Structures are given as C-alpha cells and as structure tokens.
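# Residue-level structural notes
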Amino acid sequence: MDQRFTTMAHRVCLMAGPVLVVLYGVGFLALCKFAPIPNPAWPAERLTAWIVDHKYSYELGCLFMLIGAGLLGPWGASHAVFTRKTEVRFPVLYITQIVSLAASVAIFILISIFWAAAAFRAGQISPEITQALFDLGWITFLWAGPAFYLWALSLAAGILWNPPEHQFFPRWSGWFTVVAVLSWSPGLIFVFWGSGPAAYNGPLPTWIALADYGVWMVVMTVVGWKAISRQEALCRTETDEGLGIYEPIDPDLSVAATDSAPTPVLSGASAGGRK
Amino acid sequence: MPDTESLTATTTREEAPRTASRVRPEKPPSRGWIPGEWGIWVFILTDFSVFGGYFGTFLVLRGRQPGVFRAGSQALSPTHGAVNTVFMLTASLCVALAIRSVREGRVLTAQKLLVGAGLCGAAFIVNKPIEWAGELAAGHGPHQSDFFQLYYLLTGIHLLHVIVAMLVVALLWRKVRKVQVAPTALQARYLENGASFWHLVDLIWMVLFALFYLVR
Amino acid sequence: MTAMTAMTVIKRNDILVAWALLVALTAVSWWLGADHGRAVAAATIVILVLAFVKVMVIGYSFMELRHAAPVLRVAFFGLAALIGTILVGIYLAV
C-alpha cells in the first residue's frame, strides 16, 4: 500500500490556519465591527439599531467568519496525523482529537449562521427576536468551548506523552496548548452575568481568550510547519517499497516515447536530483 | 528494586550524598539550567500574562468606578486574605524544601513536606468558601457590582488553580516515593515542573491579595 | 560530611529566609492597606510594587531562578516588572 508522505497536501492544510485567522479577524473586527462588542445589557431596540446601521457589512463579516470556520478542519487535520503516528494500534487521542475537531468545526459554523440570522430581518421583526438570535450566536461562540478544549487537550497530551523518538512537536508547544485552553475556559461562565467584565462582551470570557487563541494558532502553525519539514527529512531516508515522499511527475517533462510511461520516483531510492 | 547497599544501610539512605545525574551546581553551568523544562515556563509565563490581563481589567474598571471598588474592598476582610496568603507562602516553602530534600535523597522528609504543603493548600481551599459565605451573608453577591463580579470570578479561577495544584502535589508525592538515592533526569523534570506550577499559583495570589484586599 | 551539612543548613536557610521576607512584606502591605486616610495613592503604589517584589522573590528563591539560565531569568523578571509597571501605570492614569 502506498504510504508516501504528501508534503503539499500537508502544507496546504496547515496554511488553512493563518487564512482562518485573517478571515476571522477581518470579519469579526472590521466587518461585523465587534470592537467593542455590543453590551448584552443593551435594550433590544438599541441592538437592532446597531445591526441595521451596518447590516451588509455585518452580514459580509459573518460570511468571512463562516468560511474561516470551515478552514479549521484541515488545519486540525495537519496536527492530528502526527498524534496518530504514535498511536497506530489504539489511537484514542487521535480519535478524541478528530471527533472534537469535527464538533468544533460544526459549532464554529453554527455561530456565523446564528449571527447572520440575527441580522437577516433586523428592523423588520420584533427587536426581541433579533436580540435572542444575536445572544444565541454569542452563547454558541463561548459554549463551543468544551469541543475546542478536548480537541486541543488531546493534541497536547499526544505531544507531552509521545515517545521521544517521535517528538515532531516540541514539548513546550504541548504545554503552551494546555495553558491556552486554560485561558479560553473563562468563556464558560459568562451566562451568569448580563453585564460587566464577565459578560460576553467582556475581556475575561472573550477578548483575552480570543487574543490567546489567535496567538496559539500562529504558534502551532509555525511549529506544525517545522514538524512537516522533520517528517519530510525522515521520509527522504526511507527506501522501502511504498514509502518515501510523493512527488508528482509532470508528463510534459518526461523522456521520449520509446520508454514505457515513467513511474513515480521514490525519492528515498534515488541518490541524486534532489531539489 | 533497591539494591542491597541501601537496604542494609538505612541511616545512610537519608544522608546519601548526591549522586544524581542532574546535580545542581552552586554556580550555573555555562549552558544555563532550566528548572523542570522550558515548557513549564512557557506555561507559567503565559498564565501569568493572562492573569495580568485580568489584573489590568480590574484596575481599569476600578478607575471608572472608584467608589464602588473602594466600598467593595472595604467589605472584604484583609485578615482572611492575609491568613490565606500565609497558607500559600507556607505551602510554597514546603514544596521548595521538598524538592531540595528529594535531590539529596531524603525521600521521607520530602514526602512529609509535601503532605505539609497539601495541608496548607487544603486550609486555603476550606477557607475560601467560608470567606465567600461570609460575603454572601453580608449581602455581597456576585451580581452586586463589577467589583464583586471580578472578586468571585478571579478568586474562583485561582481556587481552581489551587485545586489542580493539590492534585499536582499528590502526584509529586507519588513520584517522590519512587526516587532512589537521587532523582533521575526525568524524575527531576517531573518534580520541578510540578513544584514550579505550585509556585505559580502562589505568586498569582500575591497580586490578587494586593488588588482586592489592600488597594485603596 | 560536616562541610556538606553546613552547606545544606545554609542552603535550607535560604528558602526559610525568603519565606520570612515574604511574610514580612505581606505584613507591611497589610498595614499599608489599612485605611490611614492620607497618602492613599502612595500607599497603593507601594502595595502594588511590593506584590510584584514578592512575585520576584518567589521566582528567585522558591522557583530556583537564582541558578537558572539567564534567558529564563530575563523572561521571568522582565515579565513581572512589565506587568507590575503597567498596573501601576493604569492605576495612576485612570
């Protein structure tokens, strides 16, 4: 069975992360104008007026965030395969990771749907309905937490508990993931307060957690890129059938027709011609 | 399995000279020494920064509502806070001494010190809800003002850290039992990581105590 | 063995001395925090500074940074100083 390492697929999946951060940042801050976030203590009429005031920019922001949300899947996948690498027979951490990742993506998408629904008929229907849908988006945004925490924690456990010979992610990145989850966790308690620093527009559940999440995604992207490079270096030394690195051959550059169709080259098997 | 030397020489076990692979020198070696591992310091510095954000939030809100915050801190008991601070500091003292003891192979001393740390931590954990109950009985609930919102939230987050730290101390106690003569490199890393986490919880409290109980 | 015992005693005292210092600083802060009426802002700044001094003492002695790699020391003490300075700055500004 072909078990070659597909570097391009890996790196593209990994770069979905930074694209997500940009899309979400632009959508959240610039387009939806969640800076500052509307206070949950606002009366429904004021919130409706705020939404109506920049309705199309807001909906575009929701669209940006929606697309960004989908990109979480490939980014998470690029890390999960390394967890799986050390757990081939009983992949508990891997399964936890991808199940939680899948849930996180689904909930992440729902958030944008609820926020967009709040604006869809804002001003035409009762402001209380608008406010309820808007709140629903925020509650989902912050209570998506447990899915995200389990995804991140299973990734961290894989890094910290890995056998050292498979240490493709540095141990400190596992610790950083654990503390990141800790900083996101105050997002769970906002439901008890309708206003103040612990409400959904406040620094404790939202801003500090979001800032940490952004930093975490960037750090894990850099760390993930280096992990892919390490795996690539390892695969270049593989000489067995079906192993090594997959590098697509461009048929237009192949040797003249008298030869049989060129077979893909296993880079571990050939000594020269390396990029 | 302990070798026959340490079985027959019970007195020397407690006073065994340090022969561990990671002897801590008086002067730092040229490469420098990291207690535990880099990762735990990434954890510590990040967590402290996140709490820094919480502390900043407190002071910004305090600036906007000075009367509310002053009334809030006057409603708290600095004695309670000071007693809790001493519990935290004494627990840290025990943990620091325990690490030193285990490096010297004095496992039983280290275990006793860790139990001491656990007792101080337990005292803190018991004292906190008593204090909260007192505040609630006086009518100062988490919805009374932004001060009390932050008070219950931040001391609550810190309390969760203390509870985790208690679990860490229990794990350290278990790890210490396996040490023979002196810790191996991996054992030392584990023990120093755990101890450093405890001290983080302690130093966060130093600032919480100042902000909530003392700042006027 | 006597030299090592003496060294051990001294080293153990280092941690005890740090603890005693921390308790003393706590007592001073506690006293300053009592409502004296005058010089509230000055007292508050001293309280905040002392809190971060305590943080650094815990780092230096309990967390064994006195022996640690310089880059870690700079990171820890630098961060503590930065956060402390920012907090005092916020207090004075708002």
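A quick note: this is a predicted structure, and the numbers were derived from the prediction, not measured. (Residues numbered from 1 in each chain as written. Chains lettered and ligands numbered in written order. Predicted model: local features only at pLDDT ≥ 70, side-chain atom pairs only at ≥ 80, totals over all residues.)

### Section: the overall build of chain A
Looking only at helices and strands, one finds 9 helices and 0 strands in chain A. Secondary structure of chain A in N-to-C order comes out as α-α-α-α-α-α-α-α-α. If you line up chain A on its principal axes, its C-alpha atoms span 75 × 45 × 25 Å. Here chain A, with 275 residues, has 39% of them falling under the buried criterion. Within chain A, contacts between residues at least 6 apart in sequence are counted, and of these 75% link residues at least 24 apart. (Helix = DSSP H or I, 4+ residues; strand = E, 2+ residues; numbered from the N terminus. Buried ≥ 20, exposed ≤ 12 C-beta atoms within 10 Å, placed from the backbone. Contact = placed C-beta atoms within 7 Å.)

### As for the interface of chain B and chain A
In this assembly, 18 residues from chain B lie in contact with 19 residues from chain A. Of all the elements in the fold, those that place two or more residues in the side of chain B that touches chain A are helix 3 (38–64) and helix 7 (146–177) of chain B. In terms of residue count, the dominant contributor to the side of chain B that touches chain A is helix 3 of chain B (12 residues). In terms of residue class, the side of chain B that touches chain A is built from 10 nonpolar, 5 polar and 3 charged. (Nonpolar A, V, L, I, M, F, W, Y, C, P; charged D, E, K, R; others polar.)

### Remarks on the packing of helix 2 (residues 44–53) of chain A against helix 6 (residues 127–143) of chain A
For any two helices packed against each other, the geometry comes down to the angle between their axes and how far apart the axes lie. Residues and elements named next belong to chain A. Running from N to C, helix 2 and helix 6 cross one another at 75°; their axes reach a closest spacing of 8 Å. Relative to helix 6, the element helix 2 is oriented roughly perpendicular. Each of Ala-44, Glu-45, Leu-47, Thr-48 and Ile-51 in helix 2 lies in contact with helix 6, whose residues at this interface are Pro-127, Glu-128, Thr-130, Gln-131 and Phe-134. Residue classes in the contact of helix 2 with helix 6 are distributed as 5 nonpolar, 3 polar and 2 charged. (Axes fitted to C-alpha atoms, helices over the stretch in contact; angles between N-to-C directions. Parallel < 35°, antiparallel > 145°, perpendicular 65-115°, else oblique.)

### So, the interface of chain C and chain B
Across the contact, 39 residues belong to chain C and 38 residues belong to chain B. Tallied by class, residues from the side of chain C that touches chain B come to 29 nonpolar, 5 polar and 5 charged.

### Here's the deal with the confidence of the model for chain C
Residues and elements named next belong to chain C. Averaged over every residue, the pLDDT of chain C is 89; residues scoring 70 or more account for 88%. Highest mean pLDDT in chain C belongs to helix 3 (residues 70–93) (96); lowest belongs to helix 1 (residues 2–33) (84). Listed scores for the predicted complex are pTM 0.88 and ipTM 0.87. (pLDDT = per-residue confidence, 0-100.)

### Overview of the nonpolar core
Ranked by size, the top nonpolar core spans 158 residues in total, and within it Cys-94, Ala-98 and Ala-210 of chain B carry the most contacts. Per-element tally for this core: the top contributor is helix 8 (residues 185–214) of chain B, with 19 residues. (Core = buried A, V, L, I, M, F, W, Y, C linked by C-beta atoms within 7 Å.)

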